[in-house]
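# Close look at the chain arrangement
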Amino acid sequence: MLPVGDDALCTHEKTNHPTRIKSIGLVLITFSWIIYGIIFITPFSSLNLKIKALICTISYCSSHVVFWTGVLIVGKEVANKYKVMSLLRRFMRM
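Our subject in this report is the structure included herewith. (Residues numbered from 1 in each chain as written. Predicted model: local features only at pLDDT ≥ 70, side-chain atom pairs only at ≥ 80, totals over all residues. Heavy atoms only, no water.)

## Examining the overall build of the chain
A tally of regular secondary structure across the chain gives four helices and zero strands. Starting at the N terminus and walking to the C terminus, you meet the elements of the chain as α-α-α-α. A separation threshold of at least 6 residues defines the contact pool for the chain, and within that pool the share at least 24 residues apart is 63%. (Helix = DSSP H or I, 4+ residues; strand = E, 2+ residues; numbered from the N terminus. Contact = heavy atoms within 4.5 Å.)

## Some points on the packing of aromatic side chains
Per the stated rule, a full pass over the model turns up four aromatic pairs. With 5.9 Å between their ring centres and 75° between their planes, tryptophan 33 and tyrosine 36 make a pair best called edge-to-face. In this pair, tryptophan 33 and tyrosine 36 are both assigned in helix α1 (residues 11-41), three residues apart and thus about one turn of the helix distant. Taking relative accessible area as the criterion, tyrosine 36 reaches 28% and is therefore assigned partly exposed. Both rings, one in phenylalanine 67 and one in tryptophan 68, keep their centres 5.1 Å apart while their planes meet at 85°; by these two values the pair is edge-to-face. Using a relative accessible area of 38% as the deciding quantity, one classes tryptophan 68 as partly exposed. In textbook terms, an aromatic cluster arises when at least three aromatic residues are bridged by ring pairs, as seen for Trp33, Tyr36, Phe40 and Tyr60. (Phe/Tyr/Trp six-rings, centres within 6.5 Å; stacked < 30°, edge-to-face > 60°. Buried < 20%, exposed > 50% of the residue type's maximum accessible area, 1.4 Å probe, protein only.)

## Here's the deal with helix α2 (residues 49-74)
End to end, α2 covers 37 Å across 26 residues, agreeing with the expected 38 Å (1.5 Å per residue, within 8%). Residues Lys52, Ser59, Ser63, Val66, Phe67, Gly70, Val71 and Val74 constitute the buried set of α2. Within two residues after α2, glycine 75 carries a phi angle of roughly 130°, on the positive side. (Expected span 1.5 Å × (residues − 1).)

## Here we look at a nonpolar patch on the surface
A cluster of nonpolar side chains, Ile21, Ile24 and Ile73, forms an exposed patch at the surface whose accessible area comes to about 220 Å². With respect to the helices and strands, isoleucine 21 occurs in helix α1. (Patch = residues over 30% accessible without salt bridge, like charges linked within 9 Å, V, L, I, M, F, W, Y side chains within 5 Å. Areas by Shrake-Rupley, 256 points an atom, 1.4 Å probe, with all protein chains shown as cover. Salt bridge = Lys/Arg side-chain N within 4 Å of Asp/Glu carboxyl O.)

Laid out in structure tokens, this is it:
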């Protein structure tokens, strides 16, 4: 017997929703690294020093907000991978 009403939704739509959310989270994580890259470009601009400092501060804070929002969306497994891949921990092991 075929499902009728709300149960008649395609199973593809039901299983596709979590992958869309995870892909949005991964896009946010990638975008946070792009925002973080602005910090390395800003010193070479011809802006005033105060404006450069402001741009770097805003870029740093917003990149962390976007990154951790993406991690919350993607889940705990990505946060654990991030902890393992931390450069600071690699340097401390040396």
